[in-house]
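This is what each chain is made of:
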Amino acid sequence: MKFLITGGLGFIGSNLVHHVIRMTDHSVTILDKGGYASRRESLQGLPVERAQVVIGDICDAGVIDPLVEDCDAIIHCAAESHNDNSIAGPAEFVRSNVIGTFEVLEAVRRHKVRLHHISTDEVYGDLELDDPNRFTPETPYNPSSPYSSTKAASDHLVRAWIRTYGVEATLSNCSNNYGPRQHVEKFIPRQITNLIDGVRPRLYGTGQNVRDWIHVDDHNSAVMAILDRGRIGDTYLIGAEGERSNLDVVKDLLRIFGRPDDDFDHVNDRPGHDLRYAIDPSKLTSELGWAPKHISFAEGLAATVEWYRDNEEWWRGSKAETEAKYSKVGQ
Ligand code: NAD
Ligand code: TDX
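Residues numbered from 1 in each chain as written. Chains lettered and ligands numbered in written order. Predicted model: local features only at pLDDT ≥ 70, side-chain atom pairs only at ≥ 80, totals over all residues.

(A) Spatial organisation of the sheet that holds strand E1 (residues 2–6). Read across the sheet, seven strands follow the order E3-E2-E1-E4-E5-E6-E11 without closing on themselves; strand pairing throughout is parallel. Two strands in the sheet have a free side with no partner beyond their single neighbour: strand E3 (51–55) and strand E11 (235–238). Strand-to-strand twist across the sheet, computed as the mean angle between neighbouring axes with direction ignored, equals 20 degrees. In the sheet, strand E5 (residues 114–120) pairs with strand E6 (residues 169–174) via six bridges, with the strands oriented parallel. The residue bridging Ile-118 from the neighbouring strand is Ser-172, located in E6. In the packing of helix H2 (residues 61–69) onto the sheet, contacts are made with E1, strand E2 (27–32), E3 and strand E4 (73–76), and the angle to E2 comes to roughly 170 degrees. (Pairing = 2+ DSSP bridges. Helix = DSSP H or I, 4+ residues; strand = E, 2+ residues; numbered from the N terminus. Axes fitted to C-alpha atoms, helices over the stretch in contact; angles between N-to-C directions. Contact = placed C-beta atoms within 7 Å.)

(B) Looking closely at helix H7 (residues 216–229). Between its first and last C-alpha atoms H7 spans 20 Å; for 14 residues at 1.5 Å apiece the expected length is 20 Å, and the two agree. For H7, the complete set of buried residues consists of Val-216, Asp-217, Asp-218, His-219, Asn-220, Ala-222, Val-223 and Ile-226. (Expected span 1.5 Å × (residues − 1). Buried ≥ 20, exposed ≤ 12 C-beta atoms within 10 Å, placed from the backbone.)

(C) Molecular detail of the site of ligand 1. Near ligand 1 lie 30 residues; those nearest to it are Gly-7, Gly-10, Gly-35, Ser-38 and Ser-81. Across the shell around ligand 1, the residue classes tally to eleven nonpolar, 14 polar and five charged. (Near = placed C-beta within 6 Å. Nonpolar A, V, L, I, M, F, W, Y, C, P; charged D, E, K, R; others polar.)

(D) Representation of the environment of Asp-65. Tracing the chain through its elements places Asp-65 in helix H2. Looking at Asp-65, the number of C-beta atoms within 10 Å reads 15, which means it is partly exposed. As a C-alpha pair, Asp-65 and Glu-103 span 38 residues in sequence and 8.5 Å in three-dimensional space. Apart from the residues lying within four places of it in its own chain, the contact partners of Asp-65 are Ala-107 and Arg-110.

(E) Seen up close, the site of ligand 2. Every one of the 16 residues lining ligand 2 counts as a neighbour, but Ser-81, Thr-120, Lys-186, Phe-187 and Tyr-204 are closest to it. Those elements that provide at least two residues to the shell around ligand 2 are helix H6 (187–196) and strand E8 (202–204). Among the elements that make up the shell around ligand 2, the one with the highest residue count is E8 (three residues). Looking at the shell around ligand 2 residue by residue, the classes come out as three nonpolar, seven polar and six charged.

(F) How the structure looks around the nonpolar core. If you look at the biggest cluster of nonpolar residues, it comprises 73 residues, and the most contacted ones within it are Ile-5, Val-68, Ile-74 and Val-108. With five residues, helix H1 (residues 11–23) is the single largest residue contributor to this core. (Core = buried A, V, L, I, M, F, W, Y, C linked by C-beta atoms within 7 Å.)

Keep in mind these numbers describe shape, not what the thing actually does.
Printed below as a string of structure tokens:
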């Protein structure tokens, strides 16, 4: 089989390309606009005859159409992905996430190709810290940020194209990913690279906000299970029982680096900051028999720290520019 993976030079997409090459004999075409979050180096070492890169924009029908025509299935990961950037400048989020998904869907409709759409748990809004309920596929949409509202819009487009045009698609909404090759703007890599540089971690607000962490390889094994045996038209929530407050994650990292557990700074909170995300993954585990492999967050985090220590040339070029953006808004 031949997969088309959009956003395949980003964090999840590049790890997915590695996963597909490692676990199957499929070949992959990667379509990525080559934006600030993409790295060609993320695909280093892969056999070129099985992983071909096309630099181009999903919003350009002339680019996406022939690539969709030429593949057996498309996994749509491309998106602007960072909440803080969406607050500073939402326009590119509307373009890439909404218009881009529209163009992907139109190409899929023309060529009748199987689609899997990658989305986020943030479309459901947030939960109170003591809410016994978690997100399920039946939870009403209630996105808070420009980022999550554009992802919600993209999900609605996919469902409308399934129902109206009979497009063969599945959707997944996953919780916060961590692991290798994640841009240093994101919470965990930002704190790891700060600590490598001897800088104190930065916690937004009180740090009580909870995220439901999953290793990126577990996200990707779930995506492959959905592509393989998911029901067309269905939505699967992907999570690995990984709820943890931001404060606890910072303390875990300080421990790994042998620093006192109060050696961090509170900085300005994110406007509209979601309090808690939590996924109920039971549909995925019971219907598709999927289970995560990285069940120890402590081990996954330590391995991620090692990856950033061993691959400084991968992230160093983005660090100063990213920190300069944060310091402008007191973060
Ligand atoms: P990322 O920012 O690391 O990578 C996204 C990639 O998409 C980049 O390489 C970028 O250049 C590319 N891209 C963006 N707009 C494009 C366009 N118009 N045309 C072509 N390429 C474009 O993001 P990520 O964390 O890897 O997220 C990938 C997907 O997973 C996104 O859809 C995101 O919403 C979703 N998701 C992410 C997480 C997470 O924790 N990171 C969790 C759940 C869902
Ligand atoms: O320096 C920081 N300090 C801090 O306390 C940063 C960068 C973040 N935070 C907080 C904000 C969040 O509560 O950490 C938490 C995680 O922040 P991000 O890494 O920006 O992730 P989040 O906003 O939760 O969204 C992520 O998960 C869902 C991804 O970026 C999205 O693409 C995905 O959909």
